[in-house]
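Breakdown of the fold
Single-letter residue listing:
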2 protein chains.
Amino acid sequence: MPDQMQHITLASRPKGAPTQDNFAMETAPVPEPGAGEVLVRVHYMSLDPYMRGRMDDAKSYAAPVPIGGTMEGGGVGEVLTSNADGFSPGDMVLGMFGWTTHAVADAKTLRKLNPDLGPITAALGVLGMPGFTGWHGLMEYGRPKAGETLVVAAATGPVGSMVGQLAKSLGLRTVGIAGGPDKCTLATDRFGFDACIDHRAHADAKSLRTALKHAAPDGIDIYFENVGGKVLEAVMPLMNPHGRIPVCGMISWYNAGGLGAGADTTLSAPALWRPILVNFLSVNGFIISNHWDRLPAFLAEVAPKVLNGDIKVVEDIAEGLENAPGAFIGLLDGKNVGKQLVKLI
Amino acid sequence: MPDQMQHITLASRPKGAPTQDNFAMETAPVPEPGAGEVLVRVHYMSLDPYMRGRMDDAKSYAAPVPIGGTMEGGGVGEVLTSNADGFSPGDMVLGMFGWTTHAVADAKTLRKLNPDLGPITAALGVLGMPGFTGWHGLMEYGRPKAGETLVVAAATGPVGSMVGQLAKSLGLRTVGIAGGPDKCTLATDRFGFDACIDHRAHADAKSLRTALKHAAPDGIDIYFENVGGKVLEAVMPLMNPHGRIPVCGMISWYNAGGLGAGADTTLSAPALWRPILVNFLSVNGFIISNHWDRLPAFLAEVAPKVLNGDIKVVEDIAEGLENAPGAFIGLLDGKNVGKQLVKLI
């Protein structure tokens, strides 16, 4: 049993895109679990866009990470010692451990994983928060109907690929948007999108919109929103009457603190608001942590599809805690291919 | 029976706020009704903000009025001659006659009015499209709950006053926004709002927001949106988690063609979009003409409340077709007090 652990703290708040300077790798004694707690050795940690929001101190649905605090995040790991009923050393668990090699966690916040039901990393991606986000947003707020057209950006990411695959299986035309030709090939060839547009090949929203019109000749019924910016600007005028927009993120605007004008878009507030009115759009923001009651339904429906290969899994795995900041910076810049993980052991 | 009628046509498309030059008063022969049609002498015509949208040729939910075409609009009038079963001379009817003294209309598009159930002008306001818009938007998309707080602008208009009175009767705290101290007095003393803010006393969204915070100390659960601009900018950061925004108009942006930045606001697209995400807002655009199936339910619920005085009616009546353009220009500038009508006979 080691007596020292590593963790990554928020050294300073980023102005715009985060840099390595915003993070500090620190060493600390491995903590002792109290009553009802377990000590976990993290095997894989998840990197997700929402973490960018926690680095700011703007009002949001979650408190910001304090300066000097451990960066937040989910992970899967092995129980080393347990002071909680129902958990034993060797159990694999999912929890919000943070960017850390070891963590003490309240057993009530953990979900025990069954490695026989597939790779444990799925609990961080396709069968975890991102996949659950895609499923819930699509089914609850997207209200998909066969024959309609869906557009989703970050199409090869864990949310976008879930949305696209589910929509395709329900008989929708699916149009992905991704960064670069390799990701577009992945979107169509592996995730089954009917079309994929490389947003990097389009310098502005107008050009992107022309490509979208071609890929979605009947207009857009569902735009699953996770990026904002140029893509949102391109999409809004193409929304069909009675269209639906589940809003689960706006990654392109995170680095602007969510409040800047956005470097890659000239979208004005009226141009964003007017299509909601004139096309009777239904726009719903959500965060999946408000909907844990739906998790059993999600797992019951989607886990079998992952096991039998109907829903594909693509992961991008960085090695070592020290590479987490770089991988995260890359994630915000779209450098990852598939679900971004960090392997710690 | 006269053989000449007057009507007002769209002479040119406005750039920004409409002017008298955009309208032309014309004389034409009174048309003859064909089979299934009736000839109507219009007694009152309605002026409504949506008409500004029809003067542009931007894509919207309805076709623009062509240059030289009669301005569109609803009215109530008397059947002069009828070639339709079920309609007789002397019947009072509601229809989309346009800005005109006489019109031939397909009887299937008309609703016969019973003058014994209240003044026929109610069919253009509190019991017509504006009142129905307020009721449907509030009940369907606002999902009001006792103890919550509702904000609506144009609080003394026919939509806003309906929304406020209904919400108050359901146990909500109601905060109106109106232009000028007289309208604010009307909002609180006659329409029963708990508070009213004079937006003209606040030069920018920040100042207006401070006043709103004071009037809505527990935040805003429902923002019934009919104005856009400065009010929207002030409201968005005050929306509570799980808040709802029915969107039925954006009058402050109509004169900008719905696409300009808006002279009175610095609201950016990300600042508008981000609260939807972080506060899980539900934003629904609608136009009441998609929901005629709900009209019987609306009339059954609200007509008795109008007759017994629970729902108040305030009308602003211009005299003569020649004064319709001026009254409409004033309406867009907030000069009317209550439902704007034009009396033609």
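These lines cover the structure that appears in this document, whether it is placed above or below.

Definitions and limits used
- Residues numbered from 1 in each chain as written.
- Chains lettered and ligands numbered in written order.
- Predicted model: local features only at pLDDT ≥ 70, side-chain atom pairs only at ≥ 80, totals over all residues.
- Heavy atoms only, no water.
- Axes fitted to C-alpha atoms, helices over the stretch in contact; angles between N-to-C directions.
- Helix = DSSP H or I, 4+ residues; strand = E, 2+ residues; numbered from the N terminus.
- Parallel < 35°, antiparallel > 145°, perpendicular 65-115°, else oblique.
- Contact = heavy atoms within 4.5 Å.
- Nonpolar A, V, L, I, M, F, W, Y, C, P; charged D, E, K, R; others polar.
- Buried < 20%, exposed > 50% of the residue type's maximum accessible area, 1.4 Å probe, protein only.
- Arc of directions from axis to C-beta.
- Phe/Tyr/Trp six-rings, centres within 6.5 Å; stacked < 30°, edge-to-face > 60°.
- Lys NZ or Arg CZ within 6 Å of the ring centre and 35° of its normal.
- Pairing = 2+ DSSP bridges.
- Right-handed = clockwise from strand over helix to strand, strands pointing away.

Side note on the packing of helix H8 (residues 269-278) of chain A against helix H8 (residues 269-278) of chain B
The N-to-C vectors of H8 of chain A and H8 of chain B enclose an angle of 50 degrees; their axes lie 7 Å apart at closest approach. Here H8 of chain A is positioned oblique relative to H8 of chain B, judged by the angle of their axes. Counting all contacts with H8 of chain A, which are made through Ala269, Leu272, Trp273 and Ile276 of chain A, the residues of H8 of chain B involved are Ala269, Leu272, Trp273 and Ile276 of chain B. Broken down by class, the residue content of the contact of H8 of chain A with H8 of chain B amounts to eight nonpolar, no polar and no charged.

Things to note about helix H5 (residues 205-215) of chain B
All names here are of chain B. Listing the buried residues of H5 in full gives Ala205, Leu208, Ala211, Leu212 and Ala215. Angular distribution of buried residues about the axis of H5 spans 125 degrees; they occupy a single face of the element. Facing away from the buried surface of H5 by more than 90 degrees, the exposed residues are Lys206, Thr210, Lys213 and His214. Looking at the buried side of H5, the elements it contacts are strand E8 (149-153), strand E9 (173-178), strand E10 (195-198) and helix H6 (229-235).

Let's talk about the packing of aromatic side chains
Inspection of every chain in the model, using the stated rule, returns 16 aromatic pairs over all chains. Their ring planes at 10 degrees and their centres at 5.4 Å tell us that Phe23 of chain B and Trp99 of chain B sit as a pair that is stacked. In this pair, Phe23 of chain B is assigned in strand E2 (residues 23-29) and Trp99 of chain B in the loop between strand E5 (92-95) and strand E6 (102-106), connecting sequence segments 76 residues apart. On the basis of relative accessibility, which here comes to 9%, the residue Phe23 of chain B falls in the buried class. Here the aromatic cluster, defined as three or more aromatic residues joined through ring pairs, consists of Phe132, Trp135, Trp292 and Phe298 of chain A. Positioned above the aromatic ring of Phe87 of chain A is the side chain of Lys112 of chain A, whose terminal nitrogen or guanidinium carbon lies 5.3 Å from the ring centre.

Description of the pairing of strand E12 (residues 239-247) of chain B
Residues and elements named next belong to chain B. Among the nine residues in E12, seven count as buried, and that is most of the element. Bridge count between strand E11 (residues 220-224) and E12: two bridges; the pairing is parallel. Note that in E12 the partner of Ile222 across the bridge is Arg244. Remark: the E11/H6/E12 crossover connection has right-handed handedness.

Thoughts on the environment of Thr188 of chain A
Residue and element names in this part refer to chain A. Within the element layout of this structure, Thr188 appears in helix H4 (residues 181-190). Of the residues examined, Thr188 reaches a relative accessible area of 26% and is grouped as partly exposed. A C-alpha to C-alpha distance of 8.2 Å links Thr188 and Gly176, two positions twelve residues apart in sequence. Discounting residues that sit within four places of it in the chain, Thr188 has contacts with Phe193, Ala195 and Cys196.

Section: the sheet that holds strand E9 (residues 173-178) of chain A
Strand order in this open sheet of twelve strands is E10(A)-E9(A)-E8(A)-E11(A)-E12(A)-E13(A)-E13(B)-E12(B)-E11(B)-E8(B)-E9(B)-E10(B), and the pairing throughout is mixed. Strands at the two margins of the open sheet, each flanked by one partner only, are strand E10 (195-198) of chain A together with E10 of chain B. Going from strand to strand, the sheet's axes swing by 15 degrees on average, the running direction of each strand aside. Pairing geometry for E12 of chain B and strand E13 (residues 282-285) of chain B, over four bridges, is parallel. By the bridge assignment, Val247 of chain B is partnered in E13 of chain B with Gly285 of chain B. In the packing of helix H2 (residues 129-142) of chain A onto the sheet, the strands contacted are strand E8 (149-153), strand E11 (220-224), strand E12 (239-247) and strand E13 (282-285) of chain A, and the crossing angle to E11 of chain A comes to about 145 degrees.

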